[in-house]
Amino acid sequence: MPSSVRSRARERNSVLGRPEFMSLNHQPLCSGGAPAESRGSSRRLGQIKHQTSQQSEEPTDRGSRDRRESTKMPEEDCMQLNPSFKGIAMNSLLAIDICLSKRMGVCAYTSSSWGGCRSMVALLALTGHGITWIIGTIVCLTRSNTLAGQEVLVNLLLALILDVMTVAGVQRLVKRRGPWEMTPSFLDCVAMDVYSFPAAHASRAAMVSKFLLSHLVLAVPLRILLVLWAFLVGMSRVLLGKHHLTDMVCGFALGMLHFSLMETVWLSSNTCQTLISISTLSWSPFF
């Protein structure tokens, strides 16, 4: 090797040996004092350990999640995978009932398709209201002079009270809302006709029409008009958006049941006269 080359190598080594250039002779250190290569290797080892720990934790997490899902009660499930045929049929019928009832509520609001007829339909529904019939029966009873008429009117009044109390109890028990969100009117609150099922107007109309057809002598046209009136009263509440179709049908059935029950416990004329005497405070059992 030539002497010039050897002299330059010695010169460079001597320069690197100076204190200010000592750091160039060593590998760069990380913040913790370890070399860069050891820092990279430790980082790779940390990543490998993290991956292995995740792989080892995944089965346990999956197993605990499966255990939690298996301990769920059936009521906590959001969906029934195997519903019964009865449940499917009931849900389908309820959906059809709600859809048809909403479509038939053409007088629900003044802005509805038949909103101009709302007042007339409401007046028709008022003829089947419980307060209307109870007050009308009491007025007729005070003006009746025959024992047979008083007997019929007293039994009719008891049938109306039975109808109002029974329908109110069933409505409070079921608490079904109408197809349209409406606040009950004042008369509905007085007659305890707050909820939708069963339809109180339909029950009352069916019971009254059957009662009058059985105990009054009416011509054929009047009998047809009486049956038509009962049907229109039940339909009026559906048109006003107060009840569903099933509420109206069940109301008619409940009214017929009330009539049958009243016929079973029919009060005689003497019993009716006793009740009239007690109510008018003119009963004197000792004379």
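Residues numbered from 1 in each chain as written. Predicted model: local features only at pLDDT ≥ 70, side-chain atom pairs only at ≥ 80, totals over all residues. Heavy atoms only, no water.

Quick notes on helix α9 (residues 220–239)
(1) Moving on: When the terminal C-alpha atoms of α9 are compared, their 28 Å separation across 20 residues agrees well with the 28 Å that a helix rising 1.5 Å per residue should span.
(2) Moving on: Three or more residues of α9 are buried, namely Leu226, Trp229, Ala230, Val233, Gly234, Met235, Ser236, Arg237, Val238 and Leu239.
(3) Moving on: Buried-residue contacts for α9 involve α3 (85–104), α4 (118–126), α5 (130–143), α7 (186–190), α8 (200–215) and α10 (245–264).
(4) Moving on: Two residues or fewer past α9, glycine 241 is found with a positive phi of approximately 75°. (Helix = DSSP H or I, 4+ residues; strand = E, 2+ residues; numbered from the N terminus. Expected span 1.5 Å × (residues − 1). Buried < 20%, exposed > 50% of the residue type's maximum accessible area, 1.4 Å probe, protein only. Contact = heavy atoms within 4.5 Å.)

As for the environment of glutamine 171
(1) Moving on: Here glutamine 171 is to be found in helix α6 (residues 147–174).
(2) Moving on: For glutamine 171, a relative accessible area of 0% gives the class buried.
(3) Moving on: With 27 residues separating them along the chain, glutamine 171 and proline 198 place their C-alpha atoms 6.5 Å apart.
(4) Moving on: A polar side-chain atom of glutamine 171 sits 2.8 Å from a polar atom in the side chain of aspartate 193. (Polar contact = N/O pair within 3.5 Å; in protein donor to acceptor, adjacent residues only side chain to side chain.)

Some thoughts on the nonpolar core
(1) Moving on: If you look at the biggest cluster of nonpolar residues, it comprises 19 residues, and the most contacted ones within it are Leu160, Met207 and Trp229.
(2) Moving on: For leucine 160, the contacting residues outside a window of four places in its chain are Trp133, Ile134, Thr137, Arg204, Met207 and Val208.
(3) Moving on: Counting residues in each nonpolar core, the second largest holds 8 residues, with Ala206, Met235, Leu245 and Met248 among its members. (Core = buried A, V, L, I, M, F, W, Y, C linked by side-chain atoms within 4.5 Å.)

As for the UniProt feature "transmembrane region" (unreviewed entry) in the chain
(1) Moving on: Under the local residue numbering, the UniProt record ascribes the feature "transmembrane region" (unreviewed entry) to residues 120–141, 153–174, 212–233 and 245–267.
(2) Moving on: Helix makes up 86% of residues 120–141 and strand 0%, whereas the separation of the span's terminal C-alpha atoms amounts to 29 Å.
(3) Moving on: Secondary structure content for residues 153–174 is 100% helix and 0% strand, and the end C-alpha separation is 31 Å. (UniProt positions renumbered as here; feature names shortened; annotations may be inferred.)

A few points about the packing of aromatic side chains
(1) Moving on: Summed over all chains, the structure comprises 3 aromatic pairs.
(2) Moving on: Their ring planes at 25° and their centres at 5.7 Å tell us that phenylalanine 211 and tryptophan 266 sit as a pair that is stacked. Taken together, the positions of phenylalanine 211 in helix α8 and tryptophan 266 in the loop between α10 and α11 (269–279) put the pair 55 residues apart, joining distant regions of the chain.
(3) Moving on: Its guanidinium or amino end placed over the ring of tryptophan 180, lysine 102 lies 4.5 Å from that ring's centre, counting from NZ or CZ. (Phe/Tyr/Trp six-rings, centres within 6.5 Å; stacked < 30°, edge-to-face > 60°. Lys NZ or Arg CZ within 6 Å of the ring centre and 35° of its normal.)

Considerations on unusual backbone geometry
(1) Moving on: In this structure, proline 198 follows phenylalanine 197 across a cis peptide bond, with omega equal to -10°.
(2) Moving on: Residues other than glycine seldom take positive phi values, yet lysine 175 does so here, at roughly 60°.
(3) Moving on: Examined against the element boundaries, lysine 175 turns out to sit in the loop between α6 and α7.
(4) Moving on: Within the chain, methionine 192 stands out as a residue other than glycine whose phi angle is a positive 60°.
(5) Moving on: Summarising the element assignment, methionine 192 is placed in the loop between α7 and α8.
(6) Moving on: On the basis of relative accessible area, methionine 192 is assigned to the partly exposed category, the value being 34%.

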